[in-house]
Amino acid sequence: MNRKEFAKILKERVLILDGAYGTEFMMRGFKQSPEEILLTHPEAIKKLHEDYVKAGANALLTSTFGANPIKLSKIGLESHHDEIVKNAVKIAKSVSKGTLIFGDIGPTGDLPYPLGERTFDEYYESFKKTAEALLNENVDAIILETFTDILELKAAYFAVRDLSNEIFLIAHLTFDENGRTLTGTDPMNFAVTFDDLDVDAIGMNCSLAPEEMLPIFEELSKYSHKFLTVEPDAGKPILRGGKIEYPIGPDEFAIHVDSYWEAGANIVGSCCGSNPLHTSKISKIIGRRSPVEKDEKHLFAISSPSSVVDFDQFVIIGERLNPAGKKKLTEAMKDENVEYILDLAREQIEKGANTLDLNFGVEQSISKDFMAKVVSAITYKTGAPLSLDIQTPELLESVMKRYAGRPLINSARAVDDEFLKRANLIKKYGGLLIVLSMGEHVPESFEERKLSITHILHLLETIDLPKDRILFDPIVLAIGAGADARETIKTISYLESLGLKSSFGLSNVSFGMPDRSYINGAFLTMAILNGLSSAIMNPLDDTVMGNLKASLLLTKRSRISMSKVQGSELLNFVLTGATEKLLSSVNEFLKTEEPVSVIENHLKPVMDEVGDLYGSGKIFLPQLILAAQTAQKAFEKVQALIPSGGDYGKFVIATVKGDVHDIGKNIVATIVKSAGYKVLDLGRDVPSEKIVDVVEKEQPIVVGLSAMMTTTAPRIKEVVDEIRKRHIKIPVIVGGASLNESLAKELGADFYAKSATDAIKYLKQMEVNH
Amino acid sequence: MQIIEVPSRDVEIPERAIASRMGFKGIGTIPEEFRKWYVEVREIAMELSKPSAAIDLFIPSSYDDIKGISIDRIEITGTLAKSQLGKSVEITAMLVTLGSDIDDKISELHESGEELKSFMLDAIGSELVEYVARSLDGDLRSKRSLKGSARIAPGYVDLPISLNEWFAFKFGKMLSVKSDPQSFTFLPRKTISAFIGWSN
């Protein structure tokens, strides 16, 4: 059956795919892999196929899931590859009676570089061999199942598609309960990346029960324009009486089948733990139904294995991975020093780049393998999608094919040959393309740029490439060479009026000029006001970044968000409120370290980091509170193990008499506790005398007073006066909405805490002084 | 005097307002990472809040540069009062409260170490009481033909906070609201007072 015929069927009805093989063979008493069973007990394979056909399956998977040469080599069967594939298809066909045969290809089980050692080419060659054998046996479709990494899946896709344009091709990823694959891809990213490719259906299988998989499938359905397939597991395996069981029986499984149909599934099967009874139930419920019509979303986005960058918000493309004028980077490219390049990438991401432009400089001196290695290292290790600034068409094609996600291609001029070559590359390999609004000659005016844009829009129609695959570069020229920057701005405005996205290389504008940052910053502001979508720029330039942030805020296009903080595991635990994980790490530390060391070397440094992140505006107040609340539990646990209590001293805190506003005081108390101090919180509306009584009795190292109202601020002086009257030597920290530095001094306080973390700063300073 | 009870779930509060109150400045929504807590705490806020308001209309004396403007034997002084209420022929006074259950819950969460939830509940409460006042304010304006001033509250600019004592005295009994005699803050804490002047 060819693709068109297959697609026609799927437009008319939902198909039922069979169920599990590996786990079902285990249930039937076999201990080997299906490939081994195929060689030793082919009748068992045949019997299970027959059972699935009887149960109502419209499609059977060949027993070739683990038959790729890399996988077979792990059980010493690589020399049987062709025999296994041939026999598997033959057996399936022998019982099919009109049931479709899907040639099944599973992953190698090896992770790609830099997470593992495998290269794209090794995957590709291995899958190509299996695909070729399956195609030779005339299967009706090929299904790539249970892949946990998007690059490996892409390699398998090309291995099949490079051999045949006629075969119906299905690609699956496997997600965990958090909706991510093992290497971090989410369903939106999967949809965005594979929608560009010439695959017929995408979907998911394995690892999750129907109920767990449903929201992930719905997310995929929301963004994918392909046919959809799904095969959930029959739950998580349980070991009972030495035997593995899967808890979800056919009836329970069937409860969820309707939901998958409603979410747009075109082919529904079942995975690990299921058996022909599950298939029978699925078939009875949706076996004759037509598929539902979906209304998918279009995303103007690029991706890496673990993140999607959407151009509906302003995108900062870091410009610094370009060896031009950079001696050290040039040497790193020459010496194939991936770590140096990674450091430059991370530096830009930390400073706010959403994606990175990657230029290799003199491309003739760089090997294809090194290019692929750098691209994989950056995308997997930093999570940033890339803008591939590669000029040599063959090299660009090689990198695009091996790119794990959806790249941005920088760039093509509006010259037919050049544009069409690159447009065809993104059609084949996926991605977005920046098109320069210039032809053979550098444009001086807006009108010249407009002509190029119009020409490209016309060409897009002729090659059937949608506009949402293209960004236009309005061409920035050096004002130092006499160019008029306003012509670029007019072009941006024009693109915005047509609903087209734009991106430019910002720094060109100030080339050869003094005070480049100011010129770049001002020009970027003007461009953003006129609708610029993204810029290739230097995120390390604070002036320009400041202008950018302000411009986006003023134009209501703010990208302010809870930025992902890069840091240690412990930092991640406290910032996300992962108390159990934090306590578990603390337990690990306690196995080899003294409790005091755990506080000094782990918990305190983490909370110092949290304080710094808050102080520098990198995290928001709720994140600070959550971190403090989480860390506090770890401190309490460790301090309980120290005979002396292990705290750094007592801290008395109260909201003064007459003031009932205590939320600020509460936050400070929590943060101080989370830094290892013992906090005596006297509450709100506390009489001055009571505060001083407690101070006298408990002898804290500091007393903190909070007053929100102007009417209650004088109470601070009352407390301070009473402390002095009783000759108690103790610093007083004050804070609250009604106070400021000078008022705090006037009221006799030693320190004014403006924000929630200032009290900690003061306490630390005290530690240093003592 | 009119006593109005407003079902808490009928009050529409834009999420951006709550996000901003919580300190997620500029984001416009509650970040996904915090949504689970937000959903839970918002539900608590809706459950425990009993928004109610007391509203009355007063005929003021004419404005005097020294004494300000008087209603019901109190003098409302200051530049804010002059600019907003100075030309009023009628003045609405309103006291809005969420009741004390939400205060208790905020304290309870704090004491049990759930500081984030305590903080979030406080923020949602603050916005809820403000949006109840806004909704009543809008309702009044839609029904009256006179020109309404800005809604001004004791404690802002130079409108004396001591006026809260009068609000508590005038309306407090009906809503179980008290004012601290020294600081003039309200109890329950999620309580706000306001004047609106009406002129020709």
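Because the structure is a prediction, the values reported are computed rather than measured. (Residues numbered from 1 in each chain as written. Chains lettered and ligands numbered in written order. Predicted model: local features only at pLDDT ≥ 70, side-chain atom pairs only at ≥ 80, totals over all residues. Heavy atoms only, no water.)

*Asks:* What is the right way to look at the overall build of chain B in this model?
*Replies:* Tallying secondary structure elements over chain B gives six helices and nine strands in all. Within chain B, the fraction of its 200 residues that count as buried is 54%. In chain B, the share of contacts with a sequence separation of at least 24, taken over all contacts with a separation of at least 6, comes to 73%. Approximately 9300 Å² of chain B is accessible, and the part contributed by carbon and sulfur atoms is 50%. (Helix = DSSP H or I, 4+ residues; strand = E, 2+ residues; numbered from the N terminus. Buried < 20%, exposed > 50% of the residue type's maximum accessible area, 1.4 Å probe, protein only. Contact = heavy atoms within 4.5 Å. Areas by Shrake-Rupley, 256 points an atom, 1.4 Å probe, with all protein chains shown as cover.)

*Asks:* Would you mind going over the sheet that holds strand β10 (residues 267–268) of chain A with me for this structure?
*Replies:* Backbone-to-backbone hydrogen bonds pair the strands of a sheet. The strands run either parallel or antiparallel. Residue and element names in this part refer to chain A. The sheet built from eight strands is open, its strands ordered β1-β10-β7-β6-β5-β4-β3-β2 with parallel pairing. Two strands close off the open sheet at either side, each with one partner strand: β1 (15–16) and β2 (59–61). Relative to strand β5 (residues 168–173), strand β4 (residues 141–147) is paired through five bridges, and the arrangement is parallel. In the strand pairing of β5, alanine 141 is matched with phenylalanine 168. Along the sheet face, helix α7 (residues 120–136) touches β3 (100–105) and β4 and points at about 165° away from the line of β3. (Pairing = 2+ DSSP bridges. Axes fitted to C-alpha atoms, helices over the stretch in contact; angles between N-to-C directions.)

*Asks:* I tried to follow unusual backbone geometry on my own but got confused; where do I start?
*Replies:* Residues and elements named next belong to chain A. Of note, the amide linkage connecting tyrosine 113 to proline 114 takes the cis form, showing an omega dihedral of 10°. By secondary structure assignment, the location of proline 114 is in the loop between β3 and α7. For the bond from asparagine 410 to serine 411, the omega torsion is 15°, close enough to zero to count as cis. Mapped onto the secondary structure, serine 411 falls in strand β16 (residues 408–413). In this model, aspartate 515 sits at a positive phi of 50°, which is unusual for a non-glycine residue.

*Asks:* Would you explain the state of the cysteines in this entry?
*Replies:* Cysteine pairs can be linked by a disulfide, which is a covalent bond between their two sulfur atoms. Evaluation of the coordinates by the stated rule reveals zero disulfides over all chains. Free cysteine cysteine 272 of chain A: the closest other cysteine sulfur is in cysteine 206 of chain A, separated by 3.6 Å. (Disulfide = S-S within 2.5 Å.)

*Asks:* Explain the packing of helix α14 (residues 327–334) of chain A against helix α15 (residues 338–350) of chain A here, please?
*Replies:* Two packed helices can be described by the angle between their axes and the distance between those axes. All names here are of chain A. One way to put it is that α14 packs onto α15 with a least axis distance of 8 Å and a crossing angle of 135°. With respect to α15, the axis of α14 lies oblique. Facing Lys328, Leu329, Ala332 and Met333 of α14, the residues of α15 in contact are Tyr340, Ile341 and Leu344. Of the residues assigned to the contact of α14 with α15, the class counts are six nonpolar, no polar and one charged. (Parallel < 35°, antiparallel > 145°, perpendicular 65-115°, else oblique. Nonpolar A, V, L, I, M, F, W, Y, C, P; charged D, E, K, R; others polar.)

*Asks:* Sorry if this is basic, but what is going on with the nonpolar core here?
*Replies:* Nonpolar side chains in soluble globular proteins tend to be buried together. Residues Phe102, Ile142, Leu144 and Leu524 of chain A are the most contacted members of the largest nonpolar core, which totals 177 residues. Take this core: its biggest share by element is nine residues, from helix α8 (residues 150–161) of chain A. Sequence-distant contacts of leucine 144 of chain A, defined by excluding residues within four places in its chain, comprise Ile105, Leu153, Ala156, Tyr157, Val160, Leu169, Ile170, Ala171 and His172 of chain A. Counting residues in hydrophobic clusters, the runner-up holds 91 residues, among them Ile671 of chain A together with Met46, Met94 and Ile106 of chain B. (Core = buried A, V, L, I, M, F, W, Y, C linked by side-chain atoms within 4.5 Å.)

*Asks:* What's the story with the environment of lysine 74 of chain A in this structure? I'm lost.
*Replies:* All names here are of chain A. Within the fold, lysine 74 resides in the loop between α5 (69–73) and α6 (81–95). For the pair lysine 74 and glycine 109, spaced 35 residues apart in sequence, the C-alpha separation works out to 9.8 Å. The contact partners of lysine 74, leaving out residues within four places of it in the chain, are Thr108, Gly109 and Asp110.

*Asks:* Quick question: what am I supposed to make of the packing of aromatic side chains here?
*Replies:* For any pair of aromatic rings, the description rests on two quantities: the centre-to-centre distance and the angle between the ring planes. Under the defined criterion, the tally for this structure stands at 29 aromatic pairs over all chains. Between phenylalanine 127 of chain A and phenylalanine 147 of chain A, the aromatic rings sit 5.5 Å apart at their centres with planes inclined by 55°, giving tilted as the arrangement. Linking phenylalanine 127 of chain A in helix α7 with phenylalanine 147 of chain A in strand β4, this pair joins segments that are 20 residues apart in sequence. Its relative accessible area of 0% is what places phenylalanine 127 of chain A among the buried residues. For phenylalanine 147 of chain A, a relative accessible area of 0% corresponds to the buried category. Taking 4.9 Å as the distance between ring centres and 45° as the angle between the ring planes, the aromatic pair formed by phenylalanine 167 of chain B and phenylalanine 195 of chain B counts as tilted. One end of the pair, phenylalanine 167 of chain B, is in helix α6 (residues 163–175); the other, phenylalanine 195 of chain B, is in strand β9 (residues 191–199), with 28 residues separating them in the sequence. Note on accessibility: phenylalanine 167 of chain B and phenylalanine 195 of chain B belong to one class, buried. Stacked on the ring of tyrosine 648 of chain A, the Lys or Arg lysine 604 of chain A has its end atom at 4.3 Å from the ring centre. Of note, lysine 36 of chain B hangs over the ring of tryptophan 37 of chain B, and the distance from its end group to the ring centre comes to 4.6 Å. (Phe/Tyr/Trp six-rings, centres within 6.5 Å; stacked < 30°, edge-to-face > 60°. Lys NZ or Arg CZ within 6 Å of the ring centre and 35° of its normal.)

Function cannot be inferred from these measures alone, as they are strictly geometric.
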